[in-house]
Amino acid sequence: GDPSLLDEVSSLAPGEMLELTKQLNGNSADDNSLLGETWSERFSKSLFEYNTALEIDAAVKSGVFNMNDYPVREGPGAEFRAAAQFMKSRGMRKVDREVFSVKHDTSYDTHGDTSTAGLPGKLGQANQALSEFIAELVRQGIWEDTAILLGSDFGRSLEPNSNGGSDHGWGGHTVMVGGGVKGGQILGEYPADLSESSDQWIRRGRMIPTTPFDSVWNGVSQWMGVESEADLDFVLPNRQNFDASTFFTKQDLFEGPPAPTPPPTTLPGFFEAEDATSFGSGTQAKPYSGANTGTGIVDMGGTGSWFEFSGNDLILEKGGACTIDVCYTLGGTNVDRDCEVTLNGDVVGTLDFPDTGGWDNWQHEVLTATCLVGPNTLRITAVGANGGPNIDSIYIQTEAVSPTQAPNSAASSPP
């Protein structure tokens, strides 16, 4: 007879396909093929990057990465600003140290008359970009953990050419600035003789460097935690070509602790739902690899189910007007799941929690309230006939209010 059509509707519940795929690609065996192992590795990495992107997107929408005090520029200012925004997201991206490359996309290759090459304007643009970048890092509290190296791919000749400009050279300078940098010093050996009789002179004022470019990176690498000789040789492949006595160490370059402090594991005011203080009947915190952030979710039950943050589990640095952003998922129901939100004993509103179209589609519901400085108590209770959704996280943003301005300030602690 005629072949029958396959049923196009999956028999798997919402979210199960993704979970099964994760399990299949997480298993490994000795007889797996190279193709299969490569596929699983790439797939797992893609899932991690996807979940991280969702996490960062949620934070961006909540406004946590806003840098309203940082001017928007073109040229190097735009690149430095992008680097600062990435640095602000380091906790979300789960990194504790990284390197950024910023290029000033203009020509310093002054073969012509340097007096008419616009050099002062270019340097002024670079100085403005650096000044605004440093000011933002100070606001973020990470200037002490940042080092900036300024350099070029080649130096310039000391003698002018026939056009009154300079040509490509060998030796140059590397300038280093940073909150923890041991500044006010010149390292390396400056040539005692800049004439043609110098052993380092190579026609028309091209000087052979006395110190390898790898020298400063040796100290920076140590400061960033690369300590062993083998690891240093790996990150600096040309290091073995030079005398070790020419290398700068972290002690030569930096004050205080040699390595940057790790980023915060969470954002101020950001709370994973699974870390709640207590749970009512029918509500449970459970691990879930498909969580938008963290390692799990709160699975709310039927009408009357609830979970609560209280005491030291919900401490806010600022009080006053606040927004409460709840990240949730709800798939395949086509009905809202209303929940009542109580803050410090007062009902502050009801969140509708409409269907998100799938159990791995994370969305946000937001309401406004007034919070305290210090410990707060927040409870979310399912009040609709269909119970509550799955909750991933809660993000509370507050305005700067002194303790005396916050309601019930006598019960609040100072910021």
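The structure under discussion appears in the preceding block.
Because the structure is predicted, anything quoted here is derived from the model rather than measured.

Points about the overall build of the chain
When its secondary structure is counted, the chain shows eight helices and 19 strands. The buried share of the chain, reckoned over its 415 residues, is 39%. Once local pairs closer than 6 in sequence are excluded, the contacts in the chain between residues at least 24 apart make up 72%. If you sum the accessible surface of the chain, you get close to 23,400 Å²; carbon and sulfur atoms cover 53% of it.

Section: the nonpolar core
If you look at the biggest cluster of nonpolar residues, it comprises 29 residues, and the most contacted ones within it are Phe307, Ile324, Ile391, Ile394 and Ile396. Elements represented by at least two residues in this core include exactly β11 (306–309), β13 (320–330), β14 (339–343), β16 (358–371), β18 (378–382) and β19 (390–398). Considering every element that reaches this core, the biggest residue donor is β13, with five residues. Setting aside its immediate chain neighbours within four residues, Ile391 contacts Ala273, Ile297, Val298, Met300, Phe307, Val326, Cys327, Tyr328 and Phe353. Judged by nonpolar contacts, the second largest core, of 13 residues, contains Tyr70, Leu130, Leu137 and Trp143.

Focus: the packing of aromatic side chains
Taken as a whole and judged by the stated rule, the model has seven aromatic pairs. Measuring from ring centre to ring centre gives 4.2 Å for Trp223 and Phe254, while their planes differ by 5 degrees; the resulting arrangement is stacked. Taken together, the residues span a long stretch of sequence, with Trp223 in helix α6 (residues 214–223) and Phe254 in the loop between α8 (250–253) and β7 (270–272) at a distance of 31 residues. In this structure, Trp223 and Phe254 share a single accessibility class: buried. Judged by centre distance (6.1 Å) and plane angle (50 degrees), the ring pair of Phe270 and Tyr395 falls under tilted. Here Phe270, found in strand β7, pairs with Tyr395, found in strand β19; they are 125 residues apart in sequence, far enough to count as distant. Classification of Tyr395 as buried rests on a relative accessible area of 8%. Ring-pair connections join several aromatic residues into one group, and the members of that group are Phe271, Phe307 and Phe309. Above the face of the Trp306 ring, Arg379 is positioned so that its terminal group lies 3.6 Å from the ring centre.

Examining α6
Most of α6 is tucked away: nine of the ten residues are buried. For α6, every residue scored as buried is listed here: Asp214, Ser215, Val216, Asn218, Gly219, Val220, Ser221, Gln222 and Trp223. After α6 finishes, the residue Gly225 shows a positive phi value of roughly 105 degrees.

Section: the sheet that holds β11
Strand order in the open sheet formed by five strands is β8-β11-β18-β14-β15, and the pairing between neighbours is antiparallel. Strands with a single pairing partner mark the edges of an open sheet, and in this sheet they are β8 (278–279) and β15 (346–351).

Topic: the packing of helix α3 (residues 76–88) against helix α5 (residues 119–140)
Axis separation between α3 and α5 bottoms out at 9 Å; the angle between their running directions is 15 degrees. The orientation of α3 relative to α5 falls into the category roughly parallel. Handedness of the crossing formed by α3 with α5: right-handed. Taking contact as the criterion, the partners of Pro76, Gly77, Phe80, Ala83, Ala84, Met87 and Lys88 in α3 are, on α5, Gln125, Ala129, Leu130, Phe133, Glu136, Leu137 and Gln140. Grouping the amino acids of the contact of α3 with α5 by side-chain chemistry returns nine nonpolar, three polar and two charged.

Here we look at the pattern of salt bridges
One pass over the full model with this rule turns up eight salt bridges. Residue Glu136 pairs with Arg139 through a salt bridge whose shortest N-O separation is 2.9 Å. Here Glu136 pairs with Arg139, and both are found in helix α5, just three residues apart, close to one helical turn. According to the relative accessible area criterion, Arg139 is partly exposed, its value standing at 41%. What emerges from the salt-bridge pattern is a single network uniting Glu229, Asp233 and Arg239.

A few points about the side chain of Arg239
The residue Arg239 is located in the loop between α7 (229–235) and α8 in this model. Look at Arg239 and you get buried, because its relative accessible area is 7%. Looking at Arg239, its side chain comes within polar contact range of the side chain of Glu229, at 3.0 Å. Polar side-chain contacts of Arg239 include one of 2.7 Å to the side chain of Asp233. If sequence neighbours within four positions are ignored, Arg239 has contacts with Asp214, Asn218, Glu229, Leu232, Asp233 and Phe247.

Comments concerning unusual backbone geometry
In the Ramachandran plot, Arg203 falls in the positive-phi region, its phi being about 35 degrees despite a non-glycine side chain. With respect to the helices and strands, Arg203 occurs in the loop between β5 (201–202) and β6 (206–207). According to the relative accessible area criterion, Arg203 is exposed, its value standing at 56%. Non-glycine residue Asn344 carries a positive phi angle of around 55 degrees. In this structure, Asn344 sits in the loop between β14 and β15. The partly exposed category is assigned to Asn344, whose relative accessible area is 28%.

Scoring rules and cut-offs
- Residues numbered from 1 in each chain as written.
- Predicted model: local features only at pLDDT ≥ 70, side-chain atom pairs only at ≥ 80, totals over all residues.
- Heavy atoms only, no water.
- Helix = DSSP H or I, 4+ residues; strand = E, 2+ residues; numbered from the N terminus.
- Buried < 20%, exposed > 50% of the residue type's maximum accessible area, 1.4 Å probe, protein only.
- Contact = heavy atoms within 4.5 Å.
- Areas by Shrake-Rupley, 256 points an atom, 1.4 Å probe, with all protein chains shown as cover.
- Core = buried A, V, L, I, M, F, W, Y, C linked by side-chain atoms within 4.5 Å.
- Phe/Tyr/Trp six-rings, centres within 6.5 Å; stacked < 30°, edge-to-face > 60°.
- Lys NZ or Arg CZ within 6 Å of the ring centre and 35° of its normal.
- Pairing = 2+ DSSP bridges.
- Axes fitted to C-alpha atoms, helices over the stretch in contact; angles between N-to-C directions.
- Parallel < 35°, antiparallel > 145°, perpendicular 65-115°, else oblique.
- Left-handed = near helix turned anticlockwise from the far one by under 90°.
- Nonpolar A, V, L, I, M, F, W, Y, C, P; charged D, E, K, R; others polar.
- Salt bridge = Lys/Arg side-chain N within 4 Å of Asp/Glu carboxyl O.
- Polar contact = N/O pair within 3.5 Å; in protein donor to acceptor, adjacent residues only side chain to side chain.

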